[in-house]
Amino acid sequence: MDISTTVPTVTNSSSLHISQFILMGLPGIHEWQHWLSLPLALLYLLALAANLLIFITIQHEPTLHEPMYHFLGVLSLIDIGLATTIMPKIMAIFWFDAKAISLPECFAQMYVIHCFFCMESGIFLCMAVDRYIAICHPLRYPSIVTNAFMVKVTGFMVLRNSLLTIPVPVLAAQRLYCSKNEIDHCLCSNLGVISLACDDITVNKFYQLFLAWVLVGSDMALVFSSYVLILHTVLRLNSAEAMSKALSTCSSHLILILFFYSGIIVVSVTHLVKEKIPLIPVLLNVLHNIIPPALNPMVYALRMGELRLGFQRLLWWLKNCPLSNLSFISHYRY
């Protein structure tokens, strides 16, 4: 039986008339999209290995038990979660033609993608605020950025994004899907799914706009405001050495933040030409979910000397320490 056939099922509170969606992959290149699986798989493996290495290094190395590295460790976990949410299904589509996805799985993937994506934006904001306090108010930094402060802001970001992204799949599940069930995408994007609905999707589009421009947009505005204030403070320093050191500590953050938020803007703009070139926004959407998790660890490793030294110490420790002692990881606390 053709998997794209609409399958009747018992209607629930969402009045769904189909039991699965079909993720068609990259629009316009279905016949040879499997050739993209190798670079995407390599990016995924790089993201997993590099972020796991960063997380373990931060846990193992006492010199990295600082707020900046705490947020970097959280960012590594988020990147692992985001990449793992989408890449196994994309590989299944490219390699095994496993395009079918049940409605509950699709809505779950939709929620996790939005949740991790907004969390990444929130952690970038935390890192920007941390750098702002460290550079603009250095004497007050130890009294403000305490362990309790880090726990509170991290918990707030997790709670904020976990709760505010719940309406995305809930609203999508309440739509009436009665005919077409083929999605021209590699993942369950909110706009891709609700475009198949037979009833009004105004509320869905409004809430998507709220998340994009109010939640993530406010994060972006605060992040760049923080760096404007940082730059203003740095330029007033009399010492060239102090200025160079201050800029060095922020450069890696700023590179990734610019890439992350500029990617959001590019993906948003390309949706305007989706009807003419449907491949571009879909491909950019996939790449924006996999390139940052692979890029973040490399930028931090290249720009942060303390992190590179931590890598070296961890590799030396792994080389010289018996395997029985590796159980420290499960017992470690920040």
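Treat the numbers as computed from the prediction; the structure is a model and nothing was measured. (Residues numbered from 1 in each chain as written. Predicted model: local features only at pLDDT ≥ 70, side-chain atom pairs only at ≥ 80, totals over all residues. Heavy atoms only, no water.)

(A) Broad picture of the packing of helix α3 (residues 103-136) against helix α9 (residues 240-270). Between α3 and α9, the shortest axis-to-axis distance is 11 Å and the interhelical angle comes to 155°. Judged on the interaxial angle alone, α9 and α3 are roughly antiparallel. For the crossing formed where α3 meets α9, the hand is left-handed. From α3, Phe117, Glu120, Ser121, Phe124, Met127, Arg131 and Ile135 reach across to α9, where they touch Ala246, Thr249, Cys250, His253, Leu256, Ile257, Phe260, Tyr261 and Ile264. Residues belonging to the contact of α3 with α9 are distributed by class as follows: 11 nonpolar, three polar and two charged. (Axes fitted to C-alpha atoms, helices over the stretch in contact; angles between N-to-C directions. Helix = DSSP H or I, 4+ residues; strand = E, 2+ residues; numbered from the N terminus. Parallel < 35°, antiparallel > 145°, perpendicular 65-115°, else oblique. Left-handed = near helix turned anticlockwise from the far one by under 90°. Contact = heavy atoms within 4.5 Å. Nonpolar A, V, L, I, M, F, W, Y, C, P; charged D, E, K, R; others polar.)

(B) Main features of the sheet that holds strand β1 (residues 20-23). In spatial order, the strands read β2-β1-β3; together these three strands make up an open sheet with mixed pairing. Bordering the open sheet on either side are β2 (100-102) and β3 (182-183), each of which pairs with just one other strand. By the bridge criterion, three bridges tie β1 to β2 in an arrangement that is antiparallel. Its bridge partner lying in β2, Phe21 is registered against Ile101. (Pairing = 2+ DSSP bridges.)

(C) Geometry of the confidence of the model for the chain. Averaged over the chain, the pLDDT score is 86; the fraction of residues at 70 or greater is 88%. Looking across the chain, the model is least confident in helix α12 (residues 328-331), with a mean pLDDT of 48, and most confident in helix α6 (residues 167-173), with 97. Predicted confidence for residues 1-16 stays below pLDDT 50, and this span has 32 contacts to residues more than four positions away or in other chains. Within the model, the stretch residues 328-334 combines pLDDT values under 50 with 11 contacts to residues more than four positions away or in other chains. (pLDDT = per-residue confidence, 0-100.)

(D) Molecular detail of the pattern of salt bridges. In total, this model carries four salt bridges according to the counting rule given. One salt bridge in this structure joins Arg131 and Asp130, with 2.9 Å as the shortest N-O distance. Like Arg131, the residue Asp130 is buried in the burial classification. When the shortest N-O distance is used, the salt bridge between Asp199 and Arg175 registers 3.4 Å. Of this pair, Asp199 sits in the loop between α7 (190-194) and α8 (202-235) while Arg175 sits in the loop between α6 and β3, and the two are 24 residues apart along the sequence. The partly exposed category is assigned to Asp199, whose relative accessible area is 29%. (Salt bridge = Lys/Arg side-chain N within 4 Å of Asp/Glu carboxyl O. Buried < 20%, exposed > 50% of the residue type's maximum accessible area, 1.4 Å probe, protein only.)

(E) Looking closely at the UniProt feature "transmembrane region" (unreviewed entry) in the chain. Cross-referencing UniProt, the feature "transmembrane region" (unreviewed entry) maps to residues 35-58, 70-96, 108-129, 210-234, 254-273 and 279-302 in the present numbering. With 100% helix and 0% strand, residues 70-96 has its two end C-alpha atoms placed 39 Å apart. End C-alpha atoms of residues 210-234 are separated by 34 Å, and the span's content is 100% helix alongside 0% strand. (UniProt positions renumbered as here; feature names shortened; annotations may be inferred.)

(F) Focus on the nonpolar core. Among the nonpolar cores identified, the biggest contains 87 residues, and Phe21 and Tyr177 are the most heavily contacted of them. With 19 residues, the single largest contributor to this core is α3. (Core = buried A, V, L, I, M, F, W, Y, C linked by side-chain atoms within 4.5 Å.)

(G) Local environment of unusual backbone geometry. With a phi close to 55°, Asp97 is a non-glycine residue in the positive phi region. Relative to the elements of secondary structure, Asp97 occurs in the loop between α2 (67-96) and β2. Looking at Asp97, the relative accessible area reads 48%, which means it is partly exposed.

(H) Fine view of α8. In this model, α8 (34 residues) spans 47 Å end to end at C-alpha, consistent with the 50 Å of a helix rising 1.5 Å per residue. Of all bends in α8, the biggest is about 40°, found at Gly217. (Expected span 1.5 Å × (residues − 1). Bend = angle between axes of the 7 residues up to and from the residue.)

(I) The packing of α3 against α8, seen in detail. In contact at an axis separation of 9 Å, α3 and α8 are set at 20° when each is read in the N-to-C sense. In this view, α3 runs roughly parallel relative to α8, as classed from their interaxial angle. Judged by the twist between their axes, the crossing of α3 over α8 is left-handed.

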